[in-house]
Every structure is written in C-alpha cells, then in structure tokens.
Amino acid sequence: MSEEAKKNQYSADSIQALEGMEHVRMRPSMYIGDVGTRGLHHLVYEVVDNSIDEAMGGHCDTISVTINEDNSITTRDNGRGIPVGLHKKEGVSALEVVMTKIGAGGKFDKDSYKVSGGLHGVGVSCVNALSSHLKATVFREGKVWEQEYERGKSQYPVKSTGDTTDRGTVVTFTPDNTIFSQTTEYNYETLANRMRELSYLNKGVRITLTDKRNKDEKGEFISDSFYSEEGLKEFIKFLDATRETLIQNVISMEGEKNGIPVEVAMVYNTGYSENLHSYVNNINTHEGGTHLSGFRRGLTSTLKKYADASGMLDKLKFEISGDDFREGLTAIVSVKVAEPQFEGQTKTKLGNREVTSAVSQAVSEMLTDYLEENPDDAKQIVEKVKLAAQARHAAAKAREMVQRKNPMSVGGLPGKLSDCSEQDATKCEVFLVEGDSAGGTAKQGRDRMFQAILPLRGKILNVEKAMQHKVFENEEIKNIYTALGVTIGTEEDSKALNLEKLRYHKVVIMCDADVDGSHIETLILTFFFRYMRELIEGGHVYIATPPLYLVKKGSKKRYAWTDKERDEIVESMGGAAGIQRYKGLGEMNAEQLWDTTMNPEFRTLRQVTIDNATETDRIFSMLMGDEVPPRREFIEKNAVYANIDV
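Novice: Just checking my understanding: could you explain the sheet that holds strand E10 (residues 251–257) for this structure?
Specialist: What links the strands of a sheet is backbone hydrogen bonding, and the strands pair in either a parallel or an antiparallel sense. Ordered by their spatial adjacency, five strands build an open sheet running E10-E11-E14-E12-E13, and the pairing between neighbours is mixed. The sheet terminates laterally at E10 and strand E13 (283–284), the two strands that pair on one side only. Bridge count for strand E11 (residues 260–268) against strand E14 (residues 329–335) is seven bridges, and the pairing is antiparallel. What sits directly across from Val-264, in E14, is Val-333.

Novice: Got a minute to help me understand the packing of aromatic side chains in this structure?
Specialist: For any pair of aromatic rings, the description rests on two quantities: the centre-to-centre distance and the angle between the ring planes. Tallied over the full model, the rule gives eight aromatic pairs. A centroid spacing of 5.9 Å and a plane angle of 35 degrees characterise the contact between Tyr-200 and Phe-238, whose relative ring orientation is tilted. Taken as a pair, Tyr-200 in helix H7 (residues 188–201) and Phe-238 in helix H8 (residues 232–239) lie far apart in primary sequence, 38 residues in all. Seen in terms of ring centroids, Phe-472 and Tyr-531 are 5.8 Å apart; in terms of plane orientation they differ by 85 degrees. Their pairing is edge-to-face. On the criterion of sequence distance, the pair formed by Phe-472 in helix H13 (residues 468–473) and Tyr-531 in helix H15 (residues 515–531) is long-range, its members being 59 residues apart. Comparing Phe-472 with Tyr-531 shows no difference in burial state: the two are buried. Taken together, Phe-472, Tyr-481, Phe-527, Phe-528 and Tyr-531 form an aromatic cluster joined through their ring pairs. Of note, Lys-159 hangs over the ring of Tyr-156, and the distance from its end group to the ring centre comes to 4.3 Å. Geometry around Tyr-549 places Arg-581 over its ring, the cationic atom sitting 5.7 Å from the centre.

Cut-offs applied
- Residues numbered from 1 in each chain as written.
- Predicted model: local features only at pLDDT ≥ 70, side-chain atom pairs only at ≥ 80, totals over all residues.
- Heavy atoms only, no water.
- Pairing = 2+ DSSP bridges.
- Helix = DSSP H or I, 4+ residues; strand = E, 2+ residues; numbered from the N terminus.
- Phe/Tyr/Trp six-rings, centres within 6.5 Å; stacked < 30°, edge-to-face > 60°.
- Buried < 20%, exposed > 50% of the residue type's maximum accessible area, 1.4 Å probe, protein only.
- Lys NZ or Arg CZ within 6 Å of the ring centre and 35° of its normal.

In structure tokens:
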C-alpha cells in the first residue's frame, strides 16, 4: 500500500487507547471544568468537536444537534463514521475503544487527523462516562452499527442492525443527574452561540440546532441553521454589527505560513475598546498566547511603518505605542496547530513559539497590501491612531491619579469605604452598593470582620462610550480601583490588571431589584468586562440577589425572590397574607438585609462568568453602545425574563 493510501486510511488500527476512564466519574471537574451549567454544555461541545474534526479533514459538511424532550442530546454528522473493526490491542471493536477508553481516538494518529479540537482526545469517552445512558450508531461500509452504554460501560458488543447507503455517526446521550445534580437542563441560546461560532470558524459546514422541548408560533420545533461561506469575514460583521464602522471593508486573509494554517479578519470602528478574539483548532483562547502576540506584532510594525512613511506622524510630539493601533479594533485570529501546547490547566493560552512569526508574517503581508490598495481607509486608520495616542497620554495622567494616595482618605483608601478588620484577602468581601441610603443600611447589617462596604453615587460612567482617560478620571471608578487595591497597565496592555494586591477575593455588586438597579448593575458589569476582566475570569465577581417580597401572616414571615415563589408562599399560608414589595435595598432594615442578602449561610450569590467571550463582547456592545434598533430587538426578545415595574 502506498504512503498516501496509508495516510488516508481511517481504520480500527488508527485508534490508540492511552488509559482507563474510571477516574472520570470520581473527578469529573478535572475533565470538563465543573459539574454545573458550564460542564453540562461542555458535554455537547466535546461530541460536536469529533464531527468538526471530520469536517476539518474534509470528510464532513453537515452536523445536526438536537435537544430532545427529556434533555438528552442527539448529534449526527455525515463523516466517515467511527471505525467498527476489531482493535488488535484491546480485542474489541474500535467503536467500543473510542467510547470507553479515555484518551482513545483517531486524534492521536496523525495519519487520520492533521489537527483537531476537543480536550486532547478525552472527548466522547468522557461524555460517555458522565452519561446515565449513551447510544452510538455508525453508518459505515454499507452497514448500520450500534452499541449502548450505561454510565460508560458497554451493554453488549457492537452489532450490525441493517444495511444503509448513509455514512456518519449518531450519538445520543443523557447526562447523569447524580453527577450534574445542579441541573441537567440545556440552554438553547448557550448552545446556539457555540454552534454559530463553530460555523464561522469552519466555513462551508452547515450546523443545525433543534430544540424539541419548545415550539414556535407555527407549531414547529425551535431550530436554527448556521452556515458561513466567508468564515471570519462574516464573523467580524456579526460581532461589529452594533458598532459604527470607521472603514467600510473587513480586512481579511487566509493562508498557510510556515506550515501553519492562519486565518485573520479585522475591522476598525469609531469606539474606544479593543476587541481581540483568538482561536486555536476552534478553541477560544481567551487568555491569548503566541498567536495573539504575533498578530499584535504584525499589526503594530506594519501600521507604524506605513504611518511613518506617509508623514502623518511628523507633528506628533510623542511616541506611538502598540495600544494606540488597537483602539476601536475588532479582530479575530484563528490558527490550526498540529500539536498545540497550552499553558496552565484551563487550556486557554497558546504556548507554541513557532506560531508567533507565522501569524506576524501573515498579518504584515495582509495589511501592507490593504493599505496600499485603500489609501482613504489607511488615512482614516492613522488619524484614529493619532487620536488614540493623544488620549492615551491623557489617560496615563488620569491613571496616575487613580494609583496615587488621596490625602483626604485614610491609608490611601476612599473616604466612603467602610473596610473590614480581617487582613487575609481570601476571606474578605466588598459590597459595591447603590447609593448612600442602601450603603448605610449595609454598613449596619454587615459582619465587620470580613465584609466591607463601598457605596457608589448614582449611575457610574458608561465605559462603552467613553475614552480611556475619561474612565480613569471618573470618581466612582477611581474609588473602585483604589478600594480593590489593584494596579493597572503593562507595556503590552495599558488596561491589564495586576491582582497581586487584590484586597478582597469576593466583589459583590448589590443593587436594587428594580429597573434602575438592573441598569446600574449592567453599567458596573460593563466596566468590569472592559477594564477588569481578570477579576471576572478569576471568579471574584458576584451579584447579590435581594428578595422582591416579604410575605407576612400573623407571626409568620417569609421572603420571596420571584412572583411564583411569592404566590406559592401565600398559598402555603392559606391565603390572605400581607405582601410587602421591596423597591430598594434602603426599604429593608439592617437585620432584614443581613438575613436575606448578606449572611453567607442563607444568601444567594450569583457568580459572574464568561462562557463565550465573543458573544459577551457583542451583547455589551449592543446594550451599552449607540445603536438603538438591535438593543430594542434584544429587549423585546428577552422581555419575558425581565421584572419591570410600571
């Protein structure tokens, strides 16, 4: 058999088993991150990754994902089908090896897959281990093959159940509720966001998502089909749809540099935030890495060279920095790496050094061509860079003020901060409270040992529409920086946060349970996402959930957080109960606030997480930016989830 034929052959012997899977059920978080909502959805991504690997190899162009009525998941592709022949080493079908051995898969055989996503081959077997039931059906070599599993153990040998002209793999699994005890209910939007993302990252592949739990107005199952012909170019247009563009065209390239496939798309808008999104083998590397360093290097050197040659920087009195070239920039960098090396356990920072020069070279060539062919756009970009440089110098002074001790405050801390006495930051928490009235109640109700209170006056600045120096000049934002004890700015990123001296490991946003409170909450979250993302990624940011109602009847009193809960309490009390609606934190006394919202034994804190950085970026831009129509559409679509007092 020729070498080429060997490479293209995907057979039972292509499957390599690395180790057993008993450990998965004991320590599921080691494999899928957690056993909450994020881990639950990760199961779907792992199965879909196998289909995407087939697509990246050119063997598949259609993938479907279905949420069944019982919250089980069915995925189907039209790839080659998992091999079913006898695996010589294991003595059973290769399908059973793939499904029941951790680290088993064609991904480890470079002749079968050049590059692949997923968790280094733990994917589908890990899903099997964490499912109460899984059924695999393979259409291959004119036959239908199937095998079923209970909690990772096969129930019978792989068997043929008939003939077929189809090809591909179908996997149906039910998450094990003894492991996912918090919830086994899938969120349609969460899955849709990831499927949309995958369709942009793998152009030419159609991915369909169907929800059999819900029907639309026509009586049909809720469904979306995602397909992209232009890939990242379309992705950029989608992400920047709510921003005002500075240049009309998306600058893009796709090619191979030093044996590494590189795809880049970028565009400038009139805003002030930098939105860089990077992917390795379809994995969102939100911590960046060598591919992002290569992008920044190529962008800065090429634009600077062009700007210097044009003479447009001659009258500028100070040096341009890398930051200036990225203000108002939205960019996506996607690379495919045969053997990616990820730093840390989270698999979100690429470490392969050879990728830096490949991406830098690709970006440099792409930009040089574009600037030469589009002189008007080039001029607009350079003018934007000059304005960014001037604003950065103003921001540097403002930032110094943030980090300089205020002589009017105690020990350099804001005067309004009521600090706690505990010195160990891991045990401390600070409540960012809306207004002095609620702040006063919180100060009386708190545990002074470990709880600090920082009242915020009114609505803080909307950072989505503000230049950087205006952000650092804002009094409330300065107080947040100072109270938290963090420092800002590095040579590569002027907004980078240093958490070494973080004074509180829980930062709790506590606002009124009304429309104004929700707006203030969103403003604070926008600030954290744009300027303190490291806090969110470190798991330090929480939202307090004060009750909406106090239900009283005689000596009995109970709190309710939703209308449904209120009605259930009233019914359990036999009806005719007195109901008090809390319109603000200030309406509670200190004891009530402690009992319901601040006492660690009884309170409910919602941790703020970023499941999908690109989608989060898009939503903040839409909610807090200038474009009204998309915001209205979003609110109308999601109004059912909002509590609004008229």
